[in-house]
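Examining the three-dimensional arrangement
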Amino acid sequence: MRVRPLRLRTRLTLWYAGILTGVLALYVGVTLSFLYLSLRRELDANLHVEYEEAEERLHPGPDGAVRFVGHEYERRHPGLVEVWATDGTLLYRSERLGQEGLGGPPAGTPEVSPVSRILGDGTPLRVRGRMHEIGGRRVLLRVALSEEGFRHEWDLLRLGILLGLPAAVAIAGLGGHWLARRALAPLGRMAQQAEKLTAEHLGERLIVENPDDELGHLARVFNLSLSRIEDSFAQLRRFTADASHELRTPLTVIRAVGEVALQDQKDPERYRETIGSMLEEVDRLSRLVDSLLVLSRADAGRGIHRQELSLFELVKSTVSLLEILAEEKDQRIEVAVSEDIRVEADPLLLRQALISLTDNAIKFSPRGSAIRITVGRNGAGEAVVEVGDEGPGIPEADLSRVFERFYRVDSGRSRDEGGAGLGLSIARWAVERHDGRIELQSEGGKGSTFRIVLGSGPTGAESQGGP
């Protein structure tokens, strides 16, 4: 049989009632012990007073005997008295005791501290005894007080407390259940609201009733998470729409060129041009798919393979790869390396970032301009690679968005010039995977400078040359 788990407010109530029961039980135990000792101490104090009164009634007789003036004592006091001689002779016993004594003749060391005894009829007594010397004769004086009043008062106190404890726990449990239900009511309302949230209604937010308490803090955190999820869904939808558009365009061109080529008979030279045009679109499509695969790897959070490498060698290989693109636009790639900085990095990812930034600079720089790549360190000792161009720059309103996927500063720019808008996104991901950052400095009409900043690493020998 499967036991259904208890609700949170029921568990809180049970914990509260259990802890309260333990605390009250401890308190009741200590209180009862204190009351018992207090009542016992009060009874012993009264017994001490009675004993002193009885001592005053001991007098030496004319024949050397010791006599106890009992009739006057018993008329005024509730105590019971018994007097014994050391030879075992009973000198006096209260009439209320009858033939039953308080302890018999003295034997050995008589009691000094009060002790409890019970008579044959069940009457509980508190007895105190001590040796006295009267007129040169030693006698044992015992005085007793009934414990019935003490025990009756003790029983009433114990009964009242023990009966009140379950009632107090029951009342506290009901109050705790009410408080738990009241305190958790906002949580229940938040849960009901959260159940209504779907991918189509991510814009809704939980109501923050009290922003200063824990539940209000939970609601704020939940709303913040909803905002992030909503942004992620919006980015995913935008990414899907942009990717679909970017994929559809070259496919449409390939299909259109192929259909036109099939409709008309052309000479081999025209067929070669048509096939070349289709291959250009296939190449553009392949680059786009490769970029999407890189971003998919980024979203999957795949690890990187670090190794020690030279930033100079990395920049050199990047320049040799893209130099032909710059020559087509009569551009120059100038490299300045102050020192051969070595870092722990994934060479493929970091080169991908450099390729993206350099390719971006080539695309947006005018013909005959220069692309500047600088390798060095900043004031904090971090490795820095700067890629600067002489392009039109980036408006200030677009600076915070240029790293978004498929974002283009100039939406009217042709596909040949602008690309798919994924290069900078890939570059930022690659650098951030190395715990670095990309900084952008740009001003309209004065070009842009992208700066890759990596953690400080070991330095090698200084290099004066470039690629």
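**Brief notes about the packing of aromatic side chains**
Applying the stated criterion across every chain, the model contains two aromatic pairs. Between Tyr36 and Trp154, the ring centres sit 5.1 Å apart and the planes meet at 70°, which makes this aromatic pair edge-to-face. Here Trp154 lies in helix H3 (residues 148-196) and Tyr36 lies in helix H1 (residues 8-55), a separation of 118 residues in the sequence. Judged by relative accessible area, Trp154 falls into the buried class, the value being 13%. In this structure, Arg128 packs its charged tip against the face of Tyr51, placed 5.5 Å from the ring centre.

**Let's talk about helix H7 (residues 347-364)**
Here H7 contains 18 residues, and its C-alpha end-to-end distance of 26 Å stays within 8% of the 26 Å for a straight helix at 1.5 Å per residue. Measuring from the backbone nitrogen of Leu348 back to the side-chain oxygen at the start of H7 gives 3.1 Å, which picks out Asp346 as the cap.

**Examining the environment of Gly447**
Summarising the element assignment, Gly447 is placed in the loop between strand E13 (437-442) and strand E14 (448-454). A residue is classified by how much of its surface remains accessible, and Gly447, at 5% relative accessible area, is buried. Spatially, the C-alpha atoms of Gly447 and Ile394 are 7.7 Å apart, while their sequence positions differ by 53 residues. With sequence-adjacent residues up to four places away left out, Gly447 is seen in contact with Asp389, Glu390, Gly391, Pro392, Gly393, Gln441 and Ser442.

**Comments concerning the environment of Ile19**
Examined against the element boundaries, Ile19 turns out to sit in helix H1. The class of Ile19 is exposed, set by a relative accessible area of 53%. Along the backbone, Ile19 and Val169 are 150 residues apart, and their C-alpha atoms lie at a distance of 10.0 Å.

**Overview of helix H9 (residues 423-432)**
Counting buried positions along H9 yields seven of 10 residues, so the element is predominantly enclosed. Those residues of H9 lying buried are Leu424, Ser425, Ile426, Ala427, Trp429, Ala430 and Val431.

**Focus: the confidence of the model for the chain**
Confidence along the chain averages 77 in pLDDT terms, with 81% of residues attaining 70 or more. Per-element averaging of pLDDT across the chain places helix H8 (residues 415-418) at the bottom with 48 and strand E12 (residues 383-388) at the top with 91. Confidence over residues 457-467 falls short of pLDDT 50; this stretch has 24 contacts with residues more than four positions distant or in other chains.

**Notes on the side chain of Arg451**
Secondary-structure assignment places Arg451 in strand E14. Look at Arg451 and you get buried, because its relative accessible area is 16%. A distance of 2.7 Å separates a polar atom in the side chain of Arg451 from a polar atom in the side chain of Glu386. Among the polar contacts made by the side chain of Arg451, one reaches the side chain of Gln441 at a distance of 3.2 Å.

**Regarding the environment of Phe233**
Here Phe233 shows up in helix H4 (residues 214-263). By relative accessible area, Phe233 is classed as partly exposed at 32%. Remark: the alpha-carbon pair of Phe233 and Leu202, spanning 31 residues in sequence, is separated by 8.9 Å.

**Some thoughts on the pattern of salt bridges**
Tallied over the entire structure, the rule returns 17 salt bridges. Between Arg306 and Asp435 there is a salt bridge, with the nearest N and O atoms lying 3.5 Å from each other. One end of the pair, Arg306, is in the loop between helix H5 (268-300) and strand E8 (307-310); the other, Asp435, is in the loop between H9 and E13, and 129 residues separate them in sequence. Residue Arg306 is classed as partly exposed on the basis of its relative accessible area of 38%. On the basis of relative accessibility, which here comes to 66%, the residue Asp435 falls in the exposed class.

**A closer look at the sheet that holds E12**
On the basis of which strands lie adjacent, the open sheet formed by five strands has the order E9-E11-E12-E14-E13 and mixed pairing. Every other strand in the sheet has two partners, leaving strand E9 (332-337) and E13 as the edge strands with one partner each. Strand after strand, the sheet turns through a mean of 15° between neighbouring axes, direction not considered. Direction of pairing for E12 relative to E14: antiparallel, over a ladder of six bridges.

**Concerning the side chain of Asp44**
Along the polypeptide, Asp44 turns up in helix H1. Discounting chain neighbours no more than four positions away, the residues touching Asp44 are Pro114 and Arg126.

About the criteria used
- Residues numbered from 1 in each chain as written.
- Predicted model: local features only at pLDDT ≥ 70, side-chain atom pairs only at ≥ 80, totals over all residues.
- Heavy atoms only, no water.
- Phe/Tyr/Trp six-rings, centres within 6.5 Å; stacked < 30°, edge-to-face > 60°.
- Helix = DSSP H or I, 4+ residues; strand = E, 2+ residues; numbered from the N terminus.
- Buried < 20%, exposed > 50% of the residue type's maximum accessible area, 1.4 Å probe, protein only.
- Lys NZ or Arg CZ within 6 Å of the ring centre and 35° of its normal.
- Expected span 1.5 Å × (residues − 1).
- Polar contact = N/O pair within 3.5 Å; in protein donor to acceptor, adjacent residues only side chain to side chain.
- Contact = heavy atoms within 4.5 Å.
- pLDDT = per-residue confidence, 0-100.
- Salt bridge = Lys/Arg side-chain N within 4 Å of Asp/Glu carboxyl O.
- Pairing = 2+ DSSP bridges.
- Axes fitted to C-alpha atoms, helices over the stretch in contact; angles between N-to-C directions.

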